[in-house]
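# Coordinates in review
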Amino acid sequence: MDKKLHIISFDIPYPADYGGVIDVFYAIKNLHAIGVEITLHCFQYGDRKPNEELNKYCKNVFNYQRLTGISGMHATLPYIVSSRRNELLLRNLLQDDAPILFEGIHTTYYAGDTALANRKKILRAHNIESDYYLSLAKNTPFSWKKLYYFIEAGRLKKYETTLNVFDTILSIAEKDFSFFKKNYPSVKQIFIPAFHPNNQVNIKTGLGIYCLYHGNLSVEENIKSVEYLVHKIFNQLDIPLIIAGKNPPASILSLQNEQIKFIENPNDAALQELIQDAQINVLPAFQQTGLKLKLLHALFLGRHCLVN
């Protein structure tokens with residue numbers, strides 16, 4: 001029997017250099033390895049570009065420009081959903097009758113469309129998104145961003161009531177699995193932990209000379225973690241701290257000093273080396289949402305992990 005699958009990704013999942021796309025990319029690799037013929041649909045925005053690497057694992061790859069700013073807004077729908085609408089996506093999904101895997105609630109704009117009423121639809125739940133955005137709102141200083149997060153949280157809470165259109169929900173975290181099982185009893189629920197690149201534990205012996213925090217430094221919750229480590233912990237200790245990650249804003253780069261060093265946008269090999277060479281991977285988090293893929297990396301590669 002042919003094994004075919006459409007996957008709709010909220011972002012271009014390569015390079016796999018931040019939490020959400022790590023799960024998407026390594027899910028694709030694993031599905032390809034067991035013979036699934038994948039048609040991948042990606043929403044493109046920011047500085048991420050189409051990448052030939054994805055063609056190694058997918059029969060077809062389609063890219064759609066995400067609608068950003070005012071063009072992506074809707075009167076009632078969450079912005080993360082309404083900004084990922086494109087009629088060409090729907091037409092491409094209708095080229096066959098293969099099941100559709102929606103990566104995140106972000107990609108579900110067409111899930112309830114009557115044209116897909118008879119299709120098998122699967123949601124990969126990366127988060128309880130309404131909780132995630134509410135937590136972002138609470139942890140963001142008063143600004144237009146804080147207001148946006150509160151509005152988005154409310155809209156997502158209402159939008160989540162539409163998830164009964166799915167045949168199956170695949171939760172990435174046990175807490176999320178319990179939530180969806182309780183609230184959507186008519187939908188099949190499966191707990192599938194995160195896909196990631198680590199196949200075996202690879203920890204160095206000996207001692208490191210620094211502590212490490214790593215993550216996507218353009219994300220509010222990670223910025224808060226960095227500020228906490230600098231102001232509350234390491235400014236009072238005679239211990240070197242390296243902070244490594246994607247796109248740190250100027251506001252936290254200004255915290256660098258003789259003891260606290262930033263490494264911007266390390267590649268995979270450099271980040272792996274940083275994790276392995278650290279004496280302690282220090283990974284505080286202020287949001288109890290989703291799954292912290294940075295912690296998985298540290299557990300597989302790092303000597304010691306200090307977490308809350």
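Sequence order sets the numbering: in each chain, residues are counted from 1 along the sequence as written. Only residues with pLDDT of at least 70 are given local features in this predicted model, and only at 80 or more are side-chain atom pairs given and counted; all residues enter the totals for whole chains, interfaces and linings. Computation of side-chain values covers all heavy atoms of the structure but excludes hydrogens and water.

### Notes on the packing of helix α9 (residues 268–277) against helix α10 (residues 293–301)
- An axis is simply a line fitted to the C-alpha atoms; with a helix, the fit covers only the stretch in contact. Between two such axes, the angle follows the N-to-C directions and lies from 0 to 180 degrees. For the purposes of this entry, the term helix denotes a DSSP run of H or I that reaches at least four residues, the term strand denotes a run of E that reaches at least two, and both are numbered from the N terminus. Where α9 contacts α10, the axes come no closer than 9 Å and their chain directions differ by 60°. Considering their axes alone, α9 and α10 lie oblique with respect to each other. Judged by the sense of rotation from one axis to the other, the crossing of α9 with α10 is right-handed. For the pair formed by α9 and α10, the contact residues are Q272, I275 and Q276 on the first element and H297, A298 and L301 on the second.
- Three classes are used: nonpolar for Ala, Val, Leu, Ile, Met, Phe, Trp, Tyr, Cys and Pro, charged for Asp, Glu, Lys and Arg, and polar for all others, with Gly counted as polar. Of the residues assigned to the contact of α9 with α10, the class counts are 3 nonpolar, 3 polar and no charged. Any angle that is under 35 degrees is reported as roughly parallel, and any over 145 degrees as roughly antiparallel; angles of 65 to 115 degrees are reported as roughly perpendicular and all others as oblique. Less than a right angle of anticlockwise turn of the near helix away from the far helix marks a crossing as left-handed, whereas a clockwise turn marks it as right-handed. Note on contacts: a residue pair qualifies if any of its non-hydrogen atoms lie within 4.5 Å across the two residues.

### Observations regarding the nonpolar core
- What we call a nonpolar core is a set of buried Ala, Val, Leu, Ile, Met, Phe, Trp, Tyr and Cys residues that are connected through their side-chain atoms within 4.5 Å. Relative accessibility decides the category of a residue: with a 1.4 Å probe and only protein chains considered, values under 20% of the type maximum give buried, values over 50% give exposed, and everything between is partly exposed. Grouped together as the largest cluster of nonpolar side chains are 33 residues, with contacts concentrated most on I8, L89, F102, Y133, L163, F166 and F180.
- Looking at this core, the elements that each hand over two or more residues are α2 (79–82), α3 (87–93), β4 (100–103), β5 (121–125), α4 (129–138), α5 (144–159) and α6 (174–183).
- Membership of the second largest hydrophobic core comes to 27 residues, among which are L40, Y57, C58 and I172.

### What about the sheet that holds strand β12 (residues 304–307)?
- Note on pairing: DSSP must find at least two bridges between two strands before they are called paired. What the 5 strands build is an open sheet, ordered β10-β9-β8-β11-β12; its pairing is parallel. In the strand order of this sheet, the two ends are held by β10 (260–264) and β12, each with one partner. Averaged over all adjacent pairs, the angle separating strand axes in this sheet is 25°, with direction ignored.
- Inspection of the sheet shows strand β11 (residues 280–283) paired to β12 by 4 bridges, in the parallel sense. The partner of I280 across the bridge, within β12, is H304.

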